[in-house]
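# Observations on the model geometry
Residue strings, one per chain:
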Amino acid sequence: MARRKHRATPPSAAAEKSDNRRHLSMERSAYFARREAAKVLKLVLQGDAKRQSVGSIKTLVYGPSVRNKKGTFALICQTLKYLLIIQDVLKAADVLNSKWKKQDELVYIVTYDILFGQVSSSAVGDAEKFLMRRKEALQAALARLLVKKKVKSVEELIALYDIPDISNPRYVRVNTLKMDVETAVLELQKQFKVQKDDLVPDLLVLPPGSDLHDHHLIKNGNVFMQGKASSMVAAALAPKPEWEVLDACSAPGNKTVHIAALMRGKGKVIACELNEERVKRLKETIRLSGASNIKVLHGDFLDLNPEDPPYSKVRAILLDPSCSGSGTASVRLDHLLPSSAPGQAADFTSIERLNKLAAFQRKALAHALSFPDVERVVYSTCSVNQVENEDVVKSVLPLAASNGFQLETPFPEWHRRGLPVVEGAECLLRTDPKEDKEGFFIALFVRRSSGNRSEKPNVTDGHTHRASTAKRSYVGAHLNLFKMFAHAHLSRRNCSHCDCC
Ligand SMILES: C[S@@+](CC[C@H](N)C(=O)[O-])C[C@H]1O[C@@H](n2cnc3c(N)ncnc32)[C@H](O)[C@@H]1O
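In this text, all values refer to a predicted model and were calculated from it rather than measured experimentally. (Residues numbered from 1 in each chain as written. Predicted model: local features only at pLDDT ≥ 70, side-chain atom pairs only at ≥ 80, totals over all residues. Heavy atoms only, no water.)

### Here's the deal with the overall build of the chain
- Along the backbone of the chain there are 18 helices and 13 strands.
- Split into buried and exposed, the 501 residues of the chain put 52% on the buried side.
- Long-range pairs, those at least 24 residues apart, make up 74% of the contacts in the chain between residues at least 6 apart in sequence.
- Put simply, the chain shows about 24,300 Å² of open surface, and 52% of that area lies on carbon and sulfur atoms. (Helix = DSSP H or I, 4+ residues; strand = E, 2+ residues; numbered from the N terminus. Buried < 20%, exposed > 50% of the residue type's maximum accessible area, 1.4 Å probe, protein only. Contact = heavy atoms within 4.5 Å. Areas by Shrake-Rupley, 256 points an atom, 1.4 Å probe, with all protein chains shown as cover.)

### Structural notes on the site of the ligand
- Neighbouring the ligand are 22 residues; Lys-255, Glu-273, Arg-278, Asp-300 and Asp-320 lie closest to it.
- Computed on the free molecule, the ligand has an accessible area of 600 Å², of which 95% lies beneath the protein chains in the complex.
- Within the shell around the ligand, the residues separate by chemical class into 11 nonpolar, six polar and five charged. (Near = heavy atom within 4 Å. Nonpolar A, V, L, I, M, F, W, Y, C, P; charged D, E, K, R; others polar.)

### Some words on the side chain of Arg-416
- Looking at the secondary structure, you find Arg-416 in the loop between strand E10 (405-408) and strand E11 (429-430).
- Accessibility expressed as a relative area gives 10% for Arg-416, which makes it buried.
- A polar atom in the side chain of Arg-416 sits 3.4 Å from the side chain of His-415. (Polar contact = N/O pair within 3.5 Å; in protein donor to acceptor, adjacent residues only side chain to side chain.)

### Section: the sheet that holds strand E4 (residues 223-225)
- On the basis of which strands lie adjacent, the open sheet formed by four strands has the order E2-E3-E1-E4 and antiparallel pairing. Of all the strands in the sheet, just strand E2 (195-196) and E4 have a single pairing partner and so form its edges.
- As paired strands, strand E1 (residues 170-174) and strand E3 (residues 203-206) are joined by four bridges and run antiparallel to one another. If you follow Tyr-171 over to E3, its bridge partner there is Val-205. (Pairing = 2+ DSSP bridges.)

### Concerning the UniProt feature "active site" (unreviewed entry) in the chain
- The positions that UniProt labels "active site" (unreviewed entry) are, in the present scheme, Cys-382.
- Assignment of secondary structure puts Cys-382 in the loop between strand E9 (376-381) and helix H17 (390-402). (UniProt positions renumbered as here; feature names shortened; annotations may be inferred.)

### Overview of the packing of helix H4 (residues 83-93) against helix H8 (residues 135-148)
- Packing of H4 against H8 brings their axes to within 8 Å, and their N-to-C directions diverge by 115°. In terms of orientation, H4 and H8 fall into the roughly perpendicular class. In the packing of H4 onto H8, the handedness of the crossing is right-handed. Residue-level inspection shows Ile-85, Asp-88, Val-89, Leu-90, Ala-92 and Ala-93 of H4 in contact with H8, the latter providing Ala-137, Leu-138, Ala-141, Leu-142, Arg-144 and Leu-145.
- Here the contact of H4 with H8 is composed, by residue class, of 10 nonpolar, no polar and two charged. (Axes fitted to C-alpha atoms, helices over the stretch in contact; angles between N-to-C directions. Parallel < 35°, antiparallel > 145°, perpendicular 65-115°, else oblique. Left-handed = near helix turned anticlockwise from the far one by under 90°.)

### Considerations on the environment of Ala-443
- Relative to the helices and strands, Ala-443 is located in strand E12 (residues 441-447).
- Judged by its relative accessible area of 0%, Ala-443 is buried.
- Residues Ala-443 and Leu-428, spaced 15 residues apart in sequence, show a C-alpha to C-alpha distance of 5.1 Å.
- Dropping the residues within four chain positions of it, Ala-443 is found in contact with Val-377, Val-378, Tyr-379, Val-393, Leu-407 and Leu-428.

### Digging into the pairing of E1
- Most of E1 is tucked away, with four of its five residues classed as buried.
- Note: E1 against E4, three bridges, orientation antiparallel. Note that in E4 the partner of Val-172 across the bridge is Met-225.

### Considerations on helix H12 (residues 228-237)
- Counted residue by residue, H12 has nine buried out of 10 residues, so it is predominantly covered.
- All buried positions along H12 are accounted for by Lys-228, Ala-229, Ser-230, Ser-231, Met-232, Val-233, Ala-234, Ala-236 and Leu-237.
- A positive phi of about 45° marks Ala-238, the residue just after H12.

### So, H4
- Within the sequence span of H4, burial applies to Leu-83, Ile-85, Ile-86, Val-89, Leu-90 and Ala-93. All buried residues of H4 lie within an arc of 160° about the axis, which places them on one face of the element.
- Count one or two residues on from H4 and you reach Asp-94, which has phi positive near 50°. (Arc of directions from axis to C-beta.)

### Focus: the nonpolar core
- Ranked by size, the top nonpolar core spans 48 residues in total, and within it Ile-85 and Phe-116 carry the most contacts.
- Counting only elements with at least two residues in this core, the list comes to helix H1 (11-50), helix H2 (57-61), helix H3 (69-81), H4, helix H6 (104-115), helix H7 (126-133), H8 and helix H9 (154-160).
- In terms of residues, this core owes the most to one element, H6, which gives eight residues.
- When residues no more than four places from it in sequence are discounted, the contact partners of Phe-116 are Tyr-82, Ile-85, Ile-86, Thr-111, Leu-142 and Val-154.
- Residues Ala-229, Val-233, Leu-429 and Phe-440 belong to the second largest nonpolar core, which totals 37 residues. (Core = buried A, V, L, I, M, F, W, Y, C linked by side-chain atoms within 4.5 Å.)

### A few points about unusual backbone geometry
- Here the residue pair Ala-251 and Pro-252 is connected by a cis peptide bond, since its omega of 5° sits within 30 degrees of zero.
- One can find Pro-252 in the loop between strand E5 (244-247) and helix H13 (254-262).
- Even without being a glycine, Lys-150 presents a positive backbone phi close to 60°.
- Along the chain, Lys-150 turns up in the loop between H8 and H9.
- For Lys-150, a relative accessible area of 75% translates into the label exposed.
- The phi dihedral of Ala-238 is positive, around 45°, even though this residue is not glycine.

### Some thoughts on the packing of aromatic side chains
- Tallying each qualifying case throughout the model produces seven aromatic pairs.
- For the pair Tyr-82 and Phe-116, a centre-to-centre distance of 4.2 Å together with 25° between the ring planes defines the contact as stacked. Of this pair, Tyr-82 sits in the loop between H3 and H4 while Phe-116 sits in the loop between H6 and H7, placing them 34 residues apart in sequence.
- Accessibility expressed as a relative area gives 9% for Tyr-82, which makes it buried.
- Using a relative accessible area of 18% as the deciding quantity, one classes Phe-116 as buried.
- Relative to Phe-130, the ring of Trp-100 lies with its centre 5.7 Å away and its plane at 35°, an arrangement referred to as tilted. Of the two residues, Trp-100 sits in helix H5 (residues 98-101) while Phe-130 sits in helix H7, which places them 30 residues apart along the sequence. (Phe/Tyr/Trp six-rings, centres within 6.5 Å; stacked < 30°, edge-to-face > 60°.)

### Side note on the confidence of the model for the chain
- Confidence along the chain averages 83 in pLDDT terms, with 80% of residues attaining 70 or more.
- Throughout residues 343-349 the model reports pLDDT below 50, and contacts reaching past four residues in sequence, or to other chains, amount to eight contacts. (pLDDT = per-residue confidence, 0-100.)

Here you go:
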């Protein structure tokens, strides 16, 4: 009997086998990434359709249920970028049966990958196999769309759909309770190009796209991911270490722990928060920061009696109340959502919501200005709407003046100031969502005299503005009022979904 010779697999066949295995494993992980992305996309699109998002794309992706965070985030952003094109192509190609019509989000993601991503064949996944078999029809529909829109390339098509590409630098604030700035720079420089911010001393600037979510400095609370404008708020308050400070609307606590760090862990910070769920997040932020001088108060800031002993010694108040979050829409990637597409109707119901928010903001600011020992009050929002910003400040000016407060200029070197619709607008600070990537507003009230209460010296400096006597001289504002009104009409999301909080 002829003996069968044992033949070793030729090297080329072995390489081919290992290539196939690698390819299959990549396909499998892409399969899971697409399903994770589809789940998040579903929530995002449903929220957008109802104008009631359950969280920003980043918040949802970086939640505990998503395993491949980086890949999922990229896939969702890319799919959203191409979404209007994908929807037009699917409609024109008319390839979906009733089964796949019910799974929109997965279909969008797979179609993105087939038309613009890296899928050239797929042996894994029903949706992938179904759409791959219809690849030619999809490509033909895309080609017809280019002709119909009179453009030569997909890039031109995207430009036509007017989807802005916003890439923000990554800011991290060093938690000086745990680490000094120099050490943080050295540590982060091992992986990233790091610069110190020119205005906020404990803030570092990293290139756009630097992924820090899993970095040990973030996980240990040595640094916090916090935008520049958001980090300017506690710095504007400039609390002294031995003071008692009240953070009136504090969760999730980014600014609370910044205040604690500026006070070098001394004195006392009272962190007030109304929402029970958000109190949990606040406590988690405080735990991570290592601050031991913060007392959490679950309650309504408006219910605190300024004359009560626990509050009568408060020297500084930070009021960062709920707002429309319209200034952080681009950070939340709202511009990628279908409701932001050109030609979509403006959401006029938001005006009613804005008025409600502004009513609370005015009440809360007046309340903050009524604490007997308070010397500094910072009012801030991540909104670009005049009604939540300058108008709120304007409404409290008579009270502020009679209590001895005047507007002061935080960060005098910053060039973007308030809209010229209020006395002392030049003292107010704005950041612009396009130019500075986030739209924030900061007003700083400083008590220089006791007003009508008791006698205290009346000191002024070069950067103050007497709230009661300001001349209407400020005409140098550069922000486009019309744009602000448009934003007021368009802003529609609750601040609890913005990146700053
Ligand atoms: C803009 S967020 C604060 C963000 C926070 N300063 C930070 O930087 O992390 C506003 C917070 O105020 C809370 N809030 C709203 N009304 C309040 C009230 N009357 N009293 C206390 N907290 C309130 C909201 O639940 C929300 O958590």
